[in-house]
Amino acid sequence: MTMTNKLELGVNIDHIANIRQARFTPYPDILDAITIIEEAGADAITLHLREDRRHIQDADVYAVRKHLKTRMNLEMAATDEMVAIAKDVMPEDVCVVPEKREELTTEGGLDIIAQFDRVQRVTQSLNDVGINVSLFIEPDIEQIKRIPDIGAPKIELHTGTYANTTGAEREVEFQRIVAATEFADSLGIQVNAGHGLDYDNTHEVAMIPQIRELNIGHAMIARAIFVGIEAATREMLDIMRKAR
């Protein structure tokens, strides 16, 4: 597959905040990390303000907004509290994700068919103030069919199942991602992807020409332990560029 359009990288900084919150220290400083990540070539910074505030804190969101030179992609649940914060902070992008207190990390995509009214209301509210809304969903055609009615200009496909399988199962899941991407693109919806992507499995997803952005966090922060966050960012960008 070949495509001339750029594939962008959003770096999720949640796990930097996880390290800080483990001891409630002022370090590692996420603003210092962002400066290095941006200088290394990342296109956006992703952060998830969870209801339980397990890693990113409210003050982080405001500080990051002032500090950023690229784009902010704020991940959030479809709640009134988060909508109010997003409207105050005004990130360029919001990615609406499902959220459960007991989960270690996001376990799957939004069921926008079952939660249509709620997701539509949140999407419209954010659209009205000029925030680009992305919905984090499974690579499922039936879910994607409802996106135009909801009014979100973007989706982010959940790649966690693909990332956590091997062999024939992975190939089946990969083909689901391809089909979902092509269908969404035919409807004029921007397609991003993320979750579970690492230095071994990103290349294949990055080859899908209609995908415009990958959001990657855990693998990059883990890699940074050994090589530093600048090198970890450049290595991932290199994988993505070679795929295109």
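Above this note sits the structure.
Everything numeric here is computed off the predicted structure, so don't read it as measured data. (Residues numbered from 1 in each chain as written. Predicted model: local features only at pLDDT ≥ 70, side-chain atom pairs only at ≥ 80, totals over all residues. Heavy atoms only, no water.)

Q: Would you explain the sheet that holds strand β6 (residues 154-158) in this entry?
A: Spatial strand order, β1-β2-β3-β4-β5-β6-β7-β8: 8 strands in a closed barrel with parallel pairing. Within this sheet the neighbouring strands show an average axis-to-axis angle of 25 degrees, counted without direction. By the bridge criterion, 4 bridges tie strand β4 (residues 93-96) to strand β5 (residues 132-137) in an arrangement that is parallel. The residue of β5 that forms the bridge with V96 is L135. (Pairing = 2+ DSSP bridges. Helix = DSSP H or I, 4+ residues; strand = E, 2+ residues; numbered from the N terminus. Axes fitted to C-alpha atoms, helices over the stretch in contact; angles between N-to-C directions.)

Q: Would you explain the nonpolar core in this entry?
A: Among the nonpolar cores identified, the biggest contains 72 residues, and I13, L126, L135, I137, I155 and L214 are the most heavily contacted of them. Per-element tally for this core: the top contributor is helix α12 (residues 229-243), with 7 residues. In contact with L126, other than residues within four places in its own chain, are M76, V83, A86, K87, V94, I131 and V133. (Core = buried A, V, L, I, M, F, W, Y, C linked by side-chain atoms within 4.5 Å. Buried < 20%, exposed > 50% of the residue type's maximum accessible area, 1.4 Å probe, protein only. Contact = heavy atoms within 4.5 Å.)

Q: How should I be thinking about the side chain of R244 in this particular structure?
A: Position of R244 relative to the elements: it lies in the segment after α12. Of the side chains with opposite charge, D185 comes closest to the buried, unpaired R244, at an N-O distance of 9.8 Å. Among the polar contacts listed, one links the side chain of R244 to the backbone oxygen of A206, at a separation of 2.8 Å. (Lys, Arg positive; Asp, Glu negative; His and termini not counted. Salt bridge = Lys/Arg side-chain N within 4 Å of Asp/Glu carboxyl O. Polar contact = N/O pair within 3.5 Å; in protein donor to acceptor, adjacent residues only side chain to side chain.)

Q: Before we go on, may I ask you to explain the packing of aromatic side chains in this structure?
A: Remark: the centre distance and the inter-plane angle together describe each pair of aromatic rings, the angle taken between the planes. By the definition in use, this model includes 1 aromatic pair. Just above the ring of F116 sits the side chain of R146; from NZ or CZ to the centre is 4.3 Å. Above the face of the Y162 ring, R170 is positioned so that its terminal group lies 4.9 Å from the ring centre. (Phe/Tyr/Trp six-rings, centres within 6.5 Å; stacked < 30°, edge-to-face > 60°. Lys NZ or Arg CZ within 6 Å of the ring centre and 35° of its normal.)

Q: Teacher, can you tell me more about helix α4 (residues 80-89) here?
A: Working note: α-helix, 3.6 residues per turn, so residues spaced by three or four point in the same direction. Of all the positions in α4, only M82, V83, I85, A86 and V89 are classed as buried. Each buried residue of α4 sits inside an arc of 165 degrees when the element is viewed along its axis, so together they form one side. Turned more than 90 degrees away from the buried face of α4 sit D80 and D88, all of them exposed. Lining the buried residues of α4 we find α3 (58-67), β3 (71-76), β4 and α5 (116-128). Note on α4: the residue one or two positions beyond its end, M90, has a positive phi of about 60 degrees. (Arc of directions from axis to C-beta.)

Q: What should I look at first to understand the packing of α3 against α4 in this one?
A: For any two helices packed against each other, one specifies the inter-axial angle together with the distance between the axes. Two numbers describe how α3 lies on α4: the axes approach to 10 Å, and their chain directions differ by 25 degrees. As far as their axial angle goes, α4 and α3 are roughly parallel. As α3 runs across α4, the sense of the crossing is right-handed. Here α3 contributes D58, V61, Y62 and R65 to the contact with α4, which in turn contributes I85, D88 and V89. When the residues that make up the contact of α3 with α4 are grouped by side-chain class, the tally is 4 nonpolar, no polar and 3 charged. (Parallel < 35°, antiparallel > 145°, perpendicular 65-115°, else oblique. Left-handed = near helix turned anticlockwise from the far one by under 90°. Nonpolar A, V, L, I, M, F, W, Y, C, P; charged D, E, K, R; others polar.)

Q: Just to check I follow, could you spell out helix α11 (residues 218-227) for this structure?
A: Where α11 is concerned, the buried positions are A219, M220, I221 and A224. Buried residues along α11 sit in contact with β1 (8-12), α1 (14-23), β8 (211-216) and α12. Positioned one or two residues after α11, G228 has a phi angle of 95 degrees, which is positive.

Q: What is the right way to read unusual backbone geometry from this model?
A: Negative phi characterises most residues that are not glycine, and trans characterises most peptide bonds. The peptide bond linking Y27 to P28 adopts the cis configuration, its omega dihedral lying at -5 degrees. Mapped onto the elements, P28 comes out in the loop between α1 and α2 (30-39). Even without a glycine there, the phi angle at H195 is positive, about 110 degrees. Along the chain, the position of H195 falls in the loop between β7 (190-194) and α10 (202-206).

Q: In this structure, what is going on with the pattern of salt bridges? I would like to understand it.
A: It is possible for side chains of opposite charge to pair when their charged atoms get near one another. This structure, assessed with the given rule, holds 16 salt bridges. Of the charged contacts in the structure, one is a salt bridge between D60 and R20, with a shortest N-O distance of 2.6 Å. With D60 in helix α3 and R20 in helix α1, the pair connects residues that are 40 residues apart, well separated along the chain. Each member of the pair D60 and R20 is classed as buried. Two residues, R65 and E92, come together in a salt bridge whose shortest N-O distance is 3.2 Å. With a gap of 27 residues between them, R65 in helix α3 and E92 in the loop between α4 and β4 connect regions that are remote in the sequence. Note on R65: relative accessible area 24%, which makes it partly exposed.

By themselves these figures say nothing about function.
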